[in-house]
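Coordinates in review
The chain contents come next:
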Amino acid sequence: MGRFALEGIKVLDFSWVGVGPITTKYLADNGAEVIRIESAARPDVLRLAPPWKDARPGINTSQFFASFNTSKKSIALDLSKPRARELVLRLVPWADVVTESFTPKALRNWNLDYDNLIVHKPELIMLSTCMQGQTGPNALYPGYGNLMAALCGFYHIAGYGPEGAPCPPYGAYTDFIAPRLAACALLAALDYKRRTGRGQYIDMSQYEAALHNLAPAIVDYFATGRVLGPQGNRSERYAPHGAYRCADEDGQERWIALGVADDAEWGGMLAALGDPPADARFASAAARHANRAALDAFVAGLMRNREAGELTVALQGNGVAAYPVQNCVDIHHDANLEQFDFWHWLDHSEMGPTPYEGLQHRMSATPGELRSPAPLLGQHNDEIFSGMLGLSPGEIEQLKQDRVIF
Amino acid sequence: MASELLKGFRMLDLSDEKGALCGKIFADMGADVIKIEPPAGCSTRLIPPFLDAAADSDRSLYFLAYQAGKRSVTLNLEAADGRALLERLAAKSDFIVESFRIGYMDSIGLGYERLTAINPRLIHASITPFGDKGPGKHYKACDIVSWASGGPMFLMGEEGRPPLEMSQPQAGLHAGGEAAVASLIAHYPRQTSGRGQHIVVDMQACMVWTLMNEQAMPILHGDYIRRSGVDYVATGTRRRLIFACKDGYISTLLAGGMGVGTISMKGLIGWMAEKGVAADWMLEKDWATWTPGIFMKSTDTDYEEIADLEDRVTRLFATLTKREIYEQGRLRRILLAPVATAADIGADEQLKAREYFVPIVHENLGRTLTMPGAFAKFSVTPVGPAGRAPQLGEHNREVYGDLLGIEPARLAELRASGAI
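Residues numbered from 1 in each chain as written. Chains lettered and ligands numbered in written order. Predicted model: local features only at pLDDT ≥ 70, side-chain atom pairs only at ≥ 80, totals over all residues.

Points about the overall build of chain B
Here is the rule we go by: A run of DSSP states H or I qualifies as a helix once it reaches four residues; a run of E qualifies as a strand once it reaches two. Both are numbered from the N-terminal end. A residue is called partly exposed when the number of other C-beta atoms within 10 Å of its own lies between 12 and 20, exposed at 12 or fewer, and buried at 20 or more, with C-beta atoms placed from the backbone. Residues are treated as contacting if the C-beta atoms built from their backbones sit within 7 Å of each other.
Check the secondary structure of chain B and you find 17 helices and 14 strands. Seen through its principal axes, chain B has C-alpha atoms that stretch 85 × 50 × 45 Å. Every one of the 420 residues in chain B was classed for burial, and the buried ones make up 54%. Across chain B, the fraction of contacts at a sequence separation of at least 24, relative to all contacts at a separation of at least 6, is 69%.

Structure (structure tokens):
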């Protein structure tokens, strides 16, 4: 085995924004060579989105873009120009995998769709991922992951109850579901190609992928007509269950989340809190579920003046699932994430050291790694155009003058 | 119909809700996934809600959804004979996924060292709530605790009320998906080297990843977002993300900017003008540069414009249904989406046109259930649900008999002794 699991795999990555780049990040961090084909005329919108180093906007200083594009190379072209497309086509035979995430007609208009590319590489694996898939009446729907989270039903199940408006999750929630399925698709297709010699085309609708995270509600609806809705932090499974306010810290409110499954855990919780007087309304799991409102008030009273971190240690020590409700400052100081080696400060040539999320798993023999910070726009133009395609300095200069490459 | 994609590979699934999706993804891709259940049944059989609100072990919707297409055997890891069976199964498998507490597999003599000695090819994924090294390595997590520990809960809910989690479990699905990816990353070199490896998945880290661009905000911009109900609050500016309509809610972010943002605002204003609810300033506005509160602090004029826009959009949407607004959004390329319920999803034309939902016969329940279909369309090796969720121990005979070659008499003994 090589140092990295996916050494030798080559990816031409036309994708942008969230799902595509997060998918190819899995490959890049594990040793695959991933070349982002970027448009200088229409840069990846994440390059234009915060946070930026020192809060100052710049095409190469967005951490939003950087987090999703570690270990990759970048070339910058103007794909609306035929000569740029010719250059890209010359890279296709090199690639095992091509990925893209435009709305369906974009690559077709440029003759860079799958049917055109396999002329140059018959065993190519290609993944197209757009919002709603390559076919169907809504194939051209121009959305992003926040809207997709609404369309998929995630907003509907985010709220305090059937009355009142949804309280949506932060961010483009489905962008953190679809990439795992897309990465599985590519990895399995690569293995299949190695076994059979056959590549294939993969059409991933981010809508269809993300709906798997609500499969129980969908099965239920079709079977019984019931529409599962928002229920706040109430649970049919745990009581108590919720977020409870603790003592403020540094003038900020602090909360602890917990869930108690059974009598053993309930006993553990009371013991951790110094065995407050027994209350018959909470004597059994059934009673705790039946008296949920009183239970919540009782637990809230026990938590209100306690320190969330100390409570967590005490409750977990007694077998109760609990943790502080952490904000974005807390997670950077979290001892468990630290011990998992989650945070990495990579030194980027324009941004200096900035914090990147690490991998969410660790492998014993061929661990992945954030091999390099995100590339500058077009950082690898010379390496690719001169080194891989053999263009002369004069040809490259001409292409730059003609604004074909940047 | 099992997919050809991973046909011939076998996964042992000993996980609970933290890993169920991992084996489901493998089953959808054609692998033989054997769910190893304790004699009393996997805990995912007891996760509410239940089909027909009937709390029995074959009707948990979570179980029906995420154990679909797997085979089920019972196996008692607390019994020596049970552990011996697991070793024999491991010898004939390519993948194993489990989510026991750290150290449990070692404590029963079936840790990674032992299993890799039996089968060096084995890829063993362990899913953990808080990793395997930190002070919380023995901590428990239920879904709400993972939402809290990773950060997304802090951002959800209304000011002055408790932070919220989503009302359907999610954390285990993120972790299960991550285990599937990592297992397939390890699979690629294993097929030439013959060497598997051990993977540890950190569920807390999986939840942090869902924070998108927010993790670095405090460090790079010196501030972070707080929960704000239906609004999105950044750089001091409050924007509505949710608007009521006649039969529910619509989500949209009123902002211009490059490309689709400007197209969207022009489409919206054009529609409002036709309906007689647009203000004159809206018709003349340069939307390409109008992104207050997203990329920059807002001016007093911005606040007035946001208030006027939101007020008029509220009036427009109040007279229309989700379906009508979504239809106009599509025609006019306005960036919006209905806050869809399962009923809306079930009726969605796009999903119908792509034949997304698939009927799966559940003869054990006397009915056919409609399930989400392929997570992607493959041109050569179509994937998708491989079958229904199994009954407890339904495949004992074929797995222990056909696969391991255990005689019926011995199987009866194992059953009598409680090993299976």
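What to know about the overall build of chain A
Along the backbone of chain A there are 16 helices and twelve strands. Principal axes of the C-alpha set define a box for chain A whose edges measure 85 × 50 × 40 Å. Scored against the burial criterion, the 406 residues of chain A give a buried share of 57%. In chain A, 68% of the contacts between residues at least 6 apart in sequence involve partners at least 24 apart.

Focus on the interface of chain A and chain B
Much of the literature gives interface size as the accessible area that the parts lose upon coming together. This is how the line gets drawn: Criterion used throughout: strands pair if DSSP finds at least two bridges between them.
The interface of chain A with chain B comprises 125 residues on the first partner and 125 residues on the second. The biggest single contributor to the side of chain A that touches chain B is helix 7 (residues 178–196) of chain A, with eleven residues. The pairing of strand 6 (residues 200–205) of chain A with strand 14 (residues 377–378) of chain B spans two bridges and is classified as antiparallel. Note that in strand 14 of chain B the partner of Asp203 of chain A across the bridge is Lys377 of chain B.

Details of the packing of helix 7 of chain A against helix 7 (residues 171–193) of chain B
Defined as follows: Only C-alpha atoms enter the line fits that serve as axes; for helices the fit covers just the stretch in contact. Angles between N-to-C directions range over 0 to 180 degrees. Our angle categories are set so that under 35 degrees counts as roughly parallel, over 145 as roughly antiparallel, 65 to 115 as roughly perpendicular, and the remainder as oblique. Crossings are classed by handedness, with left-handed meaning an anticlockwise turn of the near helix from the far one by less than a right angle and right-handed meaning a clockwise turn. Ten residues, namely Ala, Val, Leu, Ile, Met, Phe, Trp, Tyr, Cys and Pro, are considered nonpolar, four, namely Asp, Glu, Lys and Arg, are considered charged, and the remaining ones, Gly among them, are considered polar.
It is at 9 Å that the axes of helix 7 of chain A and helix 7 of chain B come closest, and there the two elements cross at 20°. Here helix 7 of chain A lies roughly parallel to helix 7 of chain B, going by the angle between them. Crossing handedness for the pair helix 7 of chain A and helix 7 of chain B: left-handed. Along its contact with helix 7 of chain A, which presents Arg180, Leu181, Ala183, Cys184, Leu187, Ala188, Leu190, Asp191 and Arg194 of chain A, the element helix 7 of chain B presents Gly177, Glu178, Ala180, Val181, Leu184, Ile185, His187, Tyr188 and Gln191 of chain B. Of the residues contributing to the contact of helix 7 of chain A with helix 7 of chain B, the split by class is eleven nonpolar, three polar and four charged.

Topic: the domain arrangement of chain B
All names here are of chain B. Condition: Domain start and stop points were drawn from an automatic or database domain assignment.
For chain B, the domain assignment lists domain 1 (10–209 + 354–417) and domain 2 (217–341). Look at where the C-alpha atoms of domain 1 and domain 2 centre, and you get two points 42 Å apart. Of the residues lining the interface, seven residues belong to domain 1; the matching set on domain 2 comes to five residues.

Examining the sheet that holds strand 11 (residues 336–338) of chain B
All names here are of chain B. The three strands lie next to each other as 9-10-11, forming an open sheet whose pairing is antiparallel. The strands lining the two open edges of the sheet, one partner per strand, are strand 9 (242–245) and strand 11. Across the sheet, the mean angle from the axis of one strand to that of its neighbour is 30°, orientation sign disregarded. In the sheet, strand 10 (residues 248–252) pairs with strand 11 via three bridges, with the strands oriented antiparallel. Within strand 11, the residue paired with Thr252 across the bridge is Leu336. Packed on one face of the sheet, helix 12 (residues 300–318) meets strand 9 and strand 10 and runs near 35° to strand 9.

Thoughts on the packing of helix 1 (residues 20–28) of chain B against helix 7 of chain B
All names here are of chain B. At their nearest, the axes of helix 1 and helix 7 sit 6 Å apart, and the two run at 50° to each other. Classified by the interaxial angle, the pair formed by helix 1 and helix 7 is oblique. The chirality of how helix 1 crosses helix 7 is right-handed. Residues Ala20, Leu21, Cys22, Ile25 and Phe26 of helix 1 pack against Gly172, Leu173, Gly176, Gly177, Ala179 and Ala180 of helix 7. In terms of residue class, the contact of helix 1 with helix 7 is made up of eight nonpolar, three polar and no charged.

Overview of the environment of Gly232 of chain A
Looking at the secondary structure, you find Gly232 of chain A in the loop between helix 9 (215–224) and strand 7 (241–245). In sequence terms Gly232 of chain A and Arg194 of chain A are 38 residues apart; their C-alpha atoms lie 48 Å from each other. Sequence-distant contacts of Gly232 of chain A, that is, excluding residues within four places in its chain, are made with Tyr160 and Gly161 of chain A together with Leu164 of chain B.

Some thoughts on helix 9 of chain A
Residues and elements named next belong to chain A. With seven of ten residues buried, helix 9 is to be regarded as a mostly interior element. Buried within helix 9 are the following residues: Ala215, Pro216, Ala217, Ile218, Val219, Asp220 and Tyr221. Phi turns positive, to about 80°, at Gly225, one or two residues after helix 9.

Some remarks on the pairing of strand 13 (residues 367–371) of chain B
Both strand 12 (residues 358–362) of chain B and strand 13 of chain B contribute to a ladder of five bridges, which runs antiparallel. When the sheet's bridge partners are listed, Ile360 of chain B is paired in strand 13 of chain B with Leu369 of chain B.

Comments concerning the pairing of strand 5 (residues 123–128) of chain B
Residues and elements named next belong to chain B. The buried count for strand 5 comes to six of six residues, which makes it a mostly enclosed element. Residues of strand 5 alternate between two faces, with Ile123, Ala125 and Ile127 on one and His124, Ser126 and Thr128 on the opposite face, all of them buried. The pairing of strand 4 (residues 95–98) with strand 5 spans four bridges and is parallel. Residue pairing for strand 5: Glu98 is matched across the bridge by Ser126.

Here's the deal with the domain arrangement of chain A
Per the domain assignment, the segments making up chain A are domain 1 (10–213 + 338–401) and domain 2 (241–327). The gap between the C-alpha centroids of domain 1 of chain A and domain 2 of chain A is 43 Å.

Notes on the nonpolar core
In a soluble, globular protein the nonpolar side chains are often hidden away together inside. Note the following rule: Nonpolar core, as used here: buried Ala, Val, Leu, Ile, Met, Phe, Trp, Tyr and Cys residues forming one set through C-beta atoms within 7 Å.
Ala185, Ile256 and Ala257 of chain A are the most contacted members of the largest nonpolar core, which totals 256 residues. At twelve residues, helix 7 of chain A tops the list of elements feeding residues into this core. Not counting chain neighbours up to four residues away, the residues in contact with Ala185 of chain A comprise Leu127, Ile202 and Met204 of chain A together with Ala376 of chain B.

Considerations on helix 6 (residues 143–150) of chain B
With eight of its eight residues buried, helix 6 of chain B lies for the most part within the structure. Gly151 of chain B lies just past helix 6 of chain B and shows a positive phi near 110°.

Quick word on the sheet that holds strand 9 (residues 321–324) of chain A
All names here are of chain A. The strand order across the open sheet built from three strands is 7-8-9, with neighbouring strands paired in antiparallel fashion. Each edge of the sheet is formed by a strand with only one pairing partner; in this case those strands are strand 7 and strand 9. In this sheet, neighbouring strand axes are inclined to one another by 20° on average, regardless of whether the strands run parallel or antiparallel. Bridge analysis of strand 7 against strand 8 (residues 255–259) gives five bridges, and the strand direction is antiparallel. Among the inter-strand pairings, Arg245 is bridged to a residue of strand 8, identified as Trp255. The sheet strands contacting helix 12 (residues 292–303) are strand 7 and strand 8, and the helix crosses strand 7 at an angle near 40°. Relative to the sheet, helix 13 (residues 308–317) contacts strand 8 and strand 9, its axis offset from that of strand 9 by approximately 165°.

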